[in-house]
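# Summary of the model geometry
The primary structure of each chain is shown beneath.
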Amino acid sequence: MTEPTSAAGTFAGYKLALFSLPIAASLLAFWLGLRFVPLRATDPRGDLLNRVLACLVSGFVLGVPALVMLMQHWPGIFDAGARLAILAALPAIAGFFVITGCVFVVCSIPGPWVVAGVFLWLKRSEGKTITEIARDARHDLAESSRGASAGGNANATGGRP
């Protein structure tokens, strides 16, 4: 005989799963990142902490809006996940968790790269005034727009100048 379950207990279990899913997905994305980009030898502990936190923040900040967009623009994916879970002899809600888990993993991946880019930019601009930073940014934007227009012209002329 099975134990009776309460609605509050079931709700609490699903809430716990929903809140722990981004954390688990972020850790999975972090582990995948370690497989391709090893930790810095000079400060592996600090690098480890920075990457984990970046994955967690990225998973929460990007994952929730991505799920909302997915629910609005492609709601059939959750029905497909429910059908997949039923075929695997699991409750239909397991399909929802599979889809959201995949979204959170994908959204956790860019976190360490964005944080590394911000810190690299901060290190390059150390000791500069705000006007020097703005001038450098304007110069970089002008160069990138010139490069893009030159690339577009070269493609239009078959690669000839």
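Refer to the structure above for everything that follows.
Cut-offs used in this document
Residues numbered from 1 in each chain as written. Predicted model: local features only at pLDDT ≥ 70, side-chain atom pairs only at ≥ 80, totals over all residues. Heavy atoms only, no water. Phe/Tyr/Trp six-rings, centres within 6.5 Å; stacked < 30°, edge-to-face > 60°. Buried < 20%, exposed > 50% of the residue type's maximum accessible area, 1.4 Å probe, protein only. Salt bridge = Lys/Arg side-chain N within 4 Å of Asp/Glu carboxyl O. Core = buried A, V, L, I, M, F, W, Y, C linked by side-chain atoms within 4.5 Å. Helix = DSSP H or I, 4+ residues; strand = E, 2+ residues; numbered from the N terminus. Patch = residues over 30% accessible without salt bridge, like charges linked within 9 Å, V, L, I, M, F, W, Y side chains within 5 Å. Areas by Shrake-Rupley, 256 points an atom, 1.4 Å probe, with all protein chains shown as cover. Contact = heavy atoms within 4.5 Å. Axes fitted to C-alpha atoms, helices over the stretch in contact; angles between N-to-C directions. Parallel < 35°, antiparallel > 145°, perpendicular 65-115°, else oblique. Left-handed = near helix turned anticlockwise from the far one by under 90°. Nonpolar A, V, L, I, M, F, W, Y, C, P; charged D, E, K, R; others polar. Expected span 1.5 Å × (residues − 1). Arc of directions from axis to C-beta.

### Some words on the packing of aromatic side chains
Any two aromatic rings considered together are summarised by their centre-to-centre distance and by the angle between their planes. This model, assessed by the stated rule, comprises two aromatic pairs. Note on Phe96 and Phe97: the rings are 5.7 Å apart at their centroids and 65 degrees apart in plane angle, and the pair reads as edge-to-face. Taking relative accessible area as the criterion, Phe97 reaches 17% and is therefore assigned buried.

### Structural notes on the pattern of salt bridges
With the rule as written, the count across this model stands at one salt bridge. Its salt-bridge partner being Asp136, residue Lys128 comes within 2.6 Å of it at the nearest N-O pair. The exposure class assigned to Asp136 is partly exposed, which follows from its relative accessible area of 31%.

### Considering the nonpolar core
Soluble globular proteins: nonpolar side chains tend toward being buried together. Ala25, Ala29, Leu67, Leu70, Ile77, Phe78, Ile99, Val103, Phe104, Val105 and Cys107 together form the largest nonpolar core, which totals 11 residues. Ranked by the residues each element gives to this core, the list is headed by helix α4 (residues 93-108), at five residues.

### Digging into a nonpolar patch on the surface
A cluster of nonpolar side chains, Ile23, Leu27, Val57, Phe60, Val61 and Leu62, forms an exposed patch at the surface whose accessible area comes to about 510 Å². Elements with a contribution of two residues or more to the nonpolar patch: α1 (7-36) and α2 (44-73). The dominant element in the nonpolar patch, judged by the number of residues it contributes, is α2, at four residues. Topologically, Val57 is positioned in helix α2.

### Observations regarding the side chain of Ser58
Turning to its location among the elements, Ser58 is positioned in helix α2. In contact with Ser58, not counting residues within four places along its chain, are Gly63, Cys107, Ser108, Pro110 and Gly111.

### Some points on the packing of α2 against α4
Helix-helix packing is described using two parameters, namely the angle between the two axes and the distance between the axes. It is at 7 Å that the axes of α2 and α4 come closest, and there the two elements cross at 130 degrees. Between α2 and α4, the angle is such that the two are oblique. Two packed elements cross with a definite hand, and for α2 against α4 that hand is right-handed. Across from Cys55, Ser58, Gly59, Leu62, Gly63, Val64, Ala66, Leu67, Leu70 and Met71 in α2, the residues of α4 making contact are Phe96, Ile99, Thr100, Val103, Phe104, Cys107 and Ser108. Residues belonging to the contact of α2 with α4 are distributed by class as follows: 12 nonpolar, five polar and no charged.

### What to know about helix α3 (residues 76-87)
For α3, which comprises 12 residues, the first-to-last C-alpha distance of 17 Å matches the rise-based estimate of 16 Å (1.5 Å per residue) to within 8%. Every buried residue belonging to α3 is among Ile77, Phe78, Gly81, Ala82 and Ala85, and all of these are buried. The buried residues of α3 all sit within an arc of 145 degrees when viewed along its axis, so they share a single face. Looking at α3, the residues exposed on the side facing more than 90 degrees away from the buried face are Arg83, Leu84, Ile86 and Leu87. Structurally, α3 contributes buried residues whose contacts are with α2 and α4.

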